[in-house]
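Spelled out, the chains give:
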Amino acid sequence: MSEAEELPRSIMRRVVKYKLSRCSEDGEISVSKDGLLAFSESGRIFIHYLSATANDICKESKRQIINVENVFKALEETEFPEFVCPLKASLEEFRKKNARKKVVVSKGKEDEPKKKRKLEGESSDKGEGSEKGEDNDKGEDSDKGVSGDDQ
Amino acid sequence: MVMAEEEESGVSIQLEFPKGRVKKIMALDKDVKRVSSEALFLVSRSTELFLQFLAEKSAQVAIEKKRKTVNLEHIREAVKRHQPTRDFLLDELPPPSQPTKPDRPTQPAGRPKLDPPPRGTRRIDLFFRKPELDDPAQAQPPENPAQAQPPENPDQDQAQSPVPVDES
């Protein structure tokens, strides 16, 4: 299996050890090498399982893009309803965070024309270079190729 | 260790797993075409919650067995105990490691090891055996190679000389 197909081991170790440190009272529990490998494999299989279930639900509702509701229904279907509440809370925070980012980006775009005019007034040579970073503020999802529409 | 940044509401939302990697894993399934950014966030966060859940259950098994290290056997046991997880994960986990030592030591090929004879008796085949010296370098091969061979008659192995009787 190539490295692109598995979850990062350092992060895996951190997530697992964080939880294990809270499980035992008398001392921290460690994880063996084969245990860590099994956790990594389990995470990968869970992603496949959940996304396949969500995709089936998505197809049933005759849609092309897997959305939030499909994932929540998939969690109910796969008998992990205990995840729904913490996920809803996380999703709210995620939406707030994205909304704040959009405000910052839109403010930046308003200020850009003023800066451009200033630079163009100073010298035409330097003005060409200022347009270099114009299209960089597309939001965090654009570089990952994730479709942003929820339908 | 602080895992994620806490917001005012106390909900940690900073993802541990990179979205790009999660999306690549999802894309390995040819049926999955497109995913919204929020759905991708949920899948990634769900995976975190699932791994924490599995770690907790595995730790419980390890504690029950009085172990300080969670290994593959503990994870397999934790998966077996939780029906929804068992359904999709048990067959996919690596197989349990085989015990390195066999249950009983295997005997080397050759003469079977027999029980020692009763006191006051000696085995007839001792006559045919090479004398065992402390220094193996001193051991010389017998003049007649036929003497080193065990007797052809299998009954001879079992035969024992009579116990010497004091006639006086």
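Residues numbered from 1 in each chain as written. Chains lettered and ligands numbered in written order. Predicted model: local features only at pLDDT ≥ 70, side-chain atom pairs only at ≥ 80, totals over all residues. Heavy atoms only, no water.

K.L.:
Please explain the overall build of chain A as it appears in this structure.
P.N.:
Across its full length, chain A holds five helices and two strands. The helix and strand sequence of chain A, counted from the amino end, reads α-β-α-β-α-α-α. Across the 151 residues of chain A, 36% fall into the buried class. Within chain A, contacts between residues at least 6 apart in sequence are counted, and of these 47% link residues at least 24 apart. For chain A, the accessible surface area stands at approximately 9,400 Å², while carbon and sulfur atoms represent 47% of it. (Helix = DSSP H or I, 4+ residues; strand = E, 2+ residues; numbered from the N terminus. Buried < 20%, exposed > 50% of the residue type's maximum accessible area, 1.4 Å probe, protein only. Contact = heavy atoms within 4.5 Å. Areas by Shrake-Rupley, 256 points an atom, 1.4 Å probe, with all protein chains shown as cover.)

K.L.:
Help me out: how do you make sense of the interface of chain B and chain A in this one?
P.N.:
Accessible area lost during the coming together of the parts is what is often quoted as the interface size. Of the residues lining the interface, 61 residues belong to chain B; the matching set on chain A comes to 73 residues. With both sides pooled, the region where chain B packs onto chain A buries about 6,200 Å², and carbon together with sulfur makes up 71% of that total. Broken down residue by residue, the surface that chain B buries against chain A is led by Ile25, Arg34 and Glu38 of chain B, which jointly contribute 11%. Our enumeration of links across chain B and chain A arrives at two salt bridges. Between Arg95 of chain A and Glu38 of chain B there is a salt bridge, with its nearest N and O atoms 2.9 Å apart. (Buried area = accessible area lost by both parts, 1.4 Å probe. Salt bridge = Lys/Arg side-chain N within 4 Å of Asp/Glu carboxyl O.)

K.L.:
Any chance you could explain the confidence of the model for chain B here in plain terms?
P.N.:
Segments scoring low in pLDDT should not have their predicted coordinates read at a detailed level. All names here are of chain B. Chain-level statistics for chain B give a pLDDT mean of 72 and a share of 51% at 70 or above. Helix α6 (residues 155-158) is the least confidently modelled element of chain B, averaging 53 in pLDDT, while helix α2 (residues 37-64) averages 91, the highest of any element. This model gives residues 1-13 a pLDDT under 50, and the stretch forms 31 contacts once residues within four places in sequence are excluded. (pLDDT = per-residue confidence, 0-100.)

K.L.:
Just to check I follow, could you spell out the packing of aromatic side chains for this structure?
P.N.:
Within a pair of aromatic rings, the relevant descriptors are the distance that separates the centres and the angle that separates the planes. Following the criterion strictly, the structure yields 11 aromatic pairs over all chains and no others. Between Phe80 of chain A and Phe83 of chain A the ring centres are 5.3 Å apart and the planes differ by 20 degrees, which places this aromatic pair in the stacked class. By relative accessible area, Phe83 of chain A is classed as buried at 4%. Aromatic ring contacts, followed pair by pair, group Phe46, Tyr49, Phe80 and Phe83 of chain A together with Phe50, Phe53 and Phe88 of chain B into a single cluster. Here Lys88 of chain A stacks its cationic end above the ring of Phe72 of chain A, 5.5 Å away from the centre of that ring. (Phe/Tyr/Trp six-rings, centres within 6.5 Å; stacked < 30°, edge-to-face > 60°. Lys NZ or Arg CZ within 6 Å of the ring centre and 35° of its normal.)

K.L.:
Honestly, the environment of Gln60 of chain B in this entry has me stumped. Any pointers?
P.N.:
Mapped onto the fold, Gln60 of chain B is located in helix α2. Considered as a pair, Gln60 of chain B and Ala78 of chain B are 18 residues apart in the sequence and their alpha carbons are 8.2 Å apart.

K.L.:
Please clarify how the side chain of Thr47 of chain B should be interpreted in this entry.
P.N.:
Mapped onto the elements of the fold, Thr47 of chain B is located in helix α2. Judged by relative accessible area, Thr47 of chain B falls into the buried class, the value being 0%. In this view, Thr47 of chain B contacts Leu7, Gly43, Phe46 and Ile47 of chain A together with Phe17 of chain B; residues no more than four positions away in its chain are not counted.

K.L.:
Is there a simple way to think about a negative patch on the surface in this case?
P.N.:
On the surface, Asp56, Glu60 and Glu77 of chain A together with Asp31 of chain B cluster together into a patch of negative charge. Of note, Glu77 of chain A is situated in helix α3 (residues 68-77). Assessed through its relative accessible area of 55%, Glu77 of chain A is described here as exposed. (Patch = residues over 30% accessible without salt bridge, like charges linked within 9 Å, V, L, I, M, F, W, Y side chains within 5 Å. Lys, Arg positive; Asp, Glu negative; His and termini not counted. Charge placed at Lys NZ, Arg CZ, Asp CG, Glu CD.)

K.L.:
Could you clarify how one ought to interpret the packing of helix α2 (residues 33-60) of chain A against helix α1 (residues 19-27) of chain B in this entry?
P.N.:
Any two packed helices are characterised by how steeply their axes cross, that is the angle between the axes, and by the distance between the axes. The interhelical angle for the contact between α2 of chain A and α1 of chain B, taken along N-to-C directions, is 65 degrees, at an axis separation of 9 Å. For the crossing formed where α2 of chain A meets α1 of chain B, the hand is right-handed. In contact with Arg44, Ile47, His48 and Ser51 of chain A of α2 of chain A, α1 of chain B contributes Val22, Ile25 and Met26 of chain B. A per-class count over the contact of α2 of chain A with α1 of chain B returns four nonpolar, two polar and one charged. (Axes fitted to C-alpha atoms, helices over the stretch in contact; angles between N-to-C directions. Left-handed = near helix turned anticlockwise from the far one by under 90°. Nonpolar A, V, L, I, M, F, W, Y, C, P; charged D, E, K, R; others polar.)

K.L.:
Would you take a moment to explain helix α1 (residues 9-23) of chain A for this structure?
P.N.:
Given 3.6 residues per turn, any residue in an α-helix points the same way as the ones three and four places further on. The first and last C-alpha atoms of α1 of chain A sit 21 Å apart over 15 residues, in line with the 21 Å expected at 1.5 Å per residue. All buried positions along α1 of chain A are accounted for by Ile11, Met12, Val15, Val16, Tyr18 and Leu20 of chain A. Elements that come into contact with the buried residues of α1 of chain A comprise β1 (30-31) and α2 of chain A together with α2 and β2 (69-70) of chain B. (Expected span 1.5 Å × (residues − 1).)

K.L.:
I'm lost on the nonpolar core in this one. Help?
P.N.:
The nonpolar side chains of soluble globular proteins are, as a tendency, buried together. Within the largest apolar cluster, 57 residues are counted, with the highest numbers of intra-cluster contacts made by Phe39, Val71, Leu75 and Phe83 of chain A together with Phe50 of chain B. Looking at this core, the elements that each hand over two or more residues are α1, α2, α3 and α4 (84-122) of chain A together with α1, α2, α3 (72-81) and α4 (83-89) of chain B. Among the elements that take part in this core, α2 of chain B stands out by supplying 13 residues, more than any other. Leaving out residues up to four positions away in the same chain, Val71 of chain A has contacts with Leu50, Ala54 and Ile66 of chain A together with Ala39, Leu42 and Val43 of chain B. (Core = buried A, V, L, I, M, F, W, Y, C linked by side-chain atoms within 4.5 Å.)

K.L.:
Any chance you could explain the pattern of salt bridges here in plain terms?
P.N.:
It is possible for side chains of opposite charge to pair when their charged atoms get near one another. Residue and element names in this part refer to chain A. Evaluation of the coordinates by the stated rule reveals eight salt bridges over all chains. With a shortest N-O distance of 2.7 Å, Arg44 and Glu41 are connected by a salt bridge. Of the two residues, Arg44 and Glu41 both sit in helix α2, three residues apart, roughly one turn of that helix. Accessibility assignment for this pair places Arg44 and Glu41 in one class, buried. Close ionic contact of Glu92 with Arg95 constitutes a salt bridge, the shortest N to O distance being 3.8 Å.

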